[in-house]
Amino acid sequence: MLNNSGNSKGVIFIVGFGPGDIKNMTLWARECIEKSEVIVGYETYVELLRPYLNGKEIIETGMTEEVDRAKLAIEKACEGKIVSIISSGDAGVYGMAPIVLEVLLESGWKPGEAPDVQIIPGVTAATACASIIGAPLSLDFAVISMSDLLVPWEIIEKRVRAAASGDFVIVIYNPLSKKRTWQLQKARDIIMEYRSPDTPVAIVKSAYRDGQKVEITSLKNITDSQALGMLTTIIVGNSTTFVKNGIMLTPRGYSSKYSVKINLKT
Ligand code: SAH
């Protein structure tokens, strides 16, 4: 809790509601949404949560209007309302939490002053998608967004190179959009300077939502996937990641460190 004043008026819950379905939403996220009078969110997310928003004031905005959304939520909370600003996955990961905090801090707000602010963590796309295909994120991994709308491409490229040379499992968010098509291929080429072209890759579209699509492929074939899109997350294995019986796994240690052998009774 960023505000311990005990003031019950004027609250902003910055709610990460998980990948999309109710079962991956935390109890805390559900409670906050339930007790909110106002819901502020991107229209697609409002649609996803519609069954839980009966009787609430709903403020929907478009995809690129994050700063406006944050300002609207703050204005409503300053009127004394209980407000949830909703963000998919975790609100702090390419989500609304940093934007709301930036707008508040810019206005001179300090923790302890009105409005109260609480950030409700959620299941982020990386772990949601990993859970569908096995356990590829078992050790060190890096998360990189291919979107160069807010971060210059040179910096993204530098991060891809660092993660690839460090043998991190690499989770790619925002792999492409209608206008951003070449970045993924460029990232793949950089990773292939350090990793085998046959490195296993999982491509998960719309995890835990209608239209979920899962493909396991290899690094060299990443751009041929039919599951690529704006709602897709890609997991590129490290040098120890393997696929067996459709399961993608990064083992926790080198095989000499522990024994995993059992005899299954059939
Ligand atoms: N805050 C979100 C990320 C927002 S950035 C989170 O923590 O998950 C948007 C990107 O997240 C998408 O381009 C996609 O890469 C990923 N993403 C979000 N929801 C997803 C889902 N249900 N399935 C697969 N990828 C998803």
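Look up: the structure comes first, before these words.
Report on the accompanying structure. (Residues numbered from 1 in each chain as written. Predicted model: local features only at pLDDT ≥ 70, side-chain atom pairs only at ≥ 80, totals over all residues. Heavy atoms only, no water.)

## A closer look at the pairing of strand 1 (residues 11–16)
Counted residue by residue, strand 1 has six buried out of six residues, so it is predominantly covered. Burial of strand 1 is two-sided: the residues V11, F13 and V15 facing one way and the residues I12, I14 and G16 facing the other way are all buried. Relative to strand 4 (residues 82–87), strand 1 is paired through six bridges, and the arrangement is parallel. Note on strand 4: the bridge partner recorded for V11 is I82. Here five bridges tie strand 1 to strand 5 (residues 116–120), and the two strands are oriented parallel to one another. What sits directly across from I12, in strand 5, is V117. (Buried < 20%, exposed > 50% of the residue type's maximum accessible area, 1.4 Å probe, protein only. Helix = DSSP H or I, 4+ residues; strand = E, 2+ residues; numbered from the N terminus. Pairing = 2+ DSSP bridges.)

## What about the nonpolar core?
Grouped together as the largest cluster of nonpolar side chains are 23 residues, with contacts concentrated most on M146, V160, I170, I234 and V236. For this core, the secondary-structure elements that each account for two or more residues are strand 7 (141–145), helix 6 (153–165), strand 8 (169–173), helix 7 (183–192), strand 9 (200–205) and strand 11 (232–236). Other than its neighbours up to four places away in sequence, I170 contacts A142, I144, V160, A163, A164, I191, R195, I234, I235 and V236. Counting 19 residues, the second largest nonpolar core, distinct from the first, contains I14, V38, V83 and V117. (Core = buried A, V, L, I, M, F, W, Y, C linked by side-chain atoms within 4.5 Å. Contact = heavy atoms within 4.5 Å.)

## A look at the layout of surface pockets
Within this model, the largest pocket holds a volume of roughly 1600 Å³. Lining the largest pocket are 46 residues, with Y45, M63, E66, Y94 and N174 positioned closest to its centre. Only helix 2 (43–49), helix 3 (66–78), strand 4, helix 4 (97–106), helix 5 (125–133), strand 7, helix 6 and strand 11 provide two or more residues apiece to the lining of the largest pocket. Broken down by element, the lining of the largest pocket gets its largest block of residues, three residues, from strand 7. Of the residues contributing to the lining of the largest pocket, the split by class is 24 nonpolar, 14 polar and eight charged. Taken together, 10 residues make up the lining of the second largest pocket; nearest its centre are P251, G253, S255, Y258 and V260. Along the lines of polarity and charge, the residues of the lining of the second largest pocket split into six nonpolar, three polar and one charged. (1 Å grid on protein atoms, 1.4 Å probe; cavity = no way out; pocket = protein on both sides within 12 Å on 5 of 7 lines; lining within 4 Å. Points joined across faces, edges and corners; volume = space filled by probe spheres on them. Nonpolar A, V, L, I, M, F, W, Y, C, P; charged D, E, K, R; others polar.)

## So, the site of the ligand
The full set close to the ligand counts 20 residues, and V93, T124, M230, T232 and T233 are the nearest of them. One nitrogen or oxygen atom from the main chain of S88 is found 2.8 Å from a nitrogen atom belonging to the ligand. In the model, an oxygen atom of the ligand is placed 2.9 Å from a nitrogen or oxygen of the D90 main chain. Burial of the ligand by the surrounding chains reaches 95%, relative to a free accessible area of 550 Å². Counting atoms within 2 Å of the grid points, the majority share of the ligand lands in the largest pocket. Where the shell around the ligand is concerned, the elements lending two or more residues are helix 5 and strand 11. For the shell around the ligand, the class distribution of residues is 11 nonpolar, seven polar and two charged. (Near = heavy atom within 4 Å. Polar contact = N/O pair within 3.5 Å; in protein donor to acceptor, adjacent residues only side chain to side chain. Areas by Shrake-Rupley, 256 points an atom, 1.4 Å probe, with all protein chains shown as cover. Sits in = over half its atoms within 2 Å of the grid points.)

## Focus on the packing of aromatic side chains
Within this structure, the stated rule accounts for four aromatic pairs. Judged by centre distance (5.2 Å) and plane angle (45°), the rings of Y94 and Y173 are tilted. Taken together, the residues Y94 in the loop between strand 4 and helix 4 and Y173 in strand 8 connect sequence positions 79 residues apart. Y94 gets classed as partly exposed once you look at its relative accessible area, which sits at 47%. Classification of Y173 by relative accessible area gives buried; the value is 8%. With a centroid separation of 5.1 Å and an interplanar angle of 75°, the aromatic rings of W153 and W182 are classed as edge-to-face. Taken together, the residues W153 in helix 6 and W182 in the loop between strand 8 and helix 7 connect sequence positions 29 residues apart. The exposure class assigned to W153 is buried, which follows from its relative accessible area of 10%. (Phe/Tyr/Trp six-rings, centres within 6.5 Å; stacked < 30°, edge-to-face > 60°.)

## Side note on helix 1 (residues 27–35)
Turning to helix 1, its buried residues are A29, C32 and I33. Buried residues in helix 1, looked at end-on, bunch into an arc of 100°, giving them a common side. Exposed residues on helix 1 whose side chains face more than 90 degrees from its buried face are L27 and E34. Along its buried surface, helix 1 packs onto strand 1, strand 2 (38–42), helix 2, strand 4 and strand 5. (Arc of directions from axis to C-beta.)

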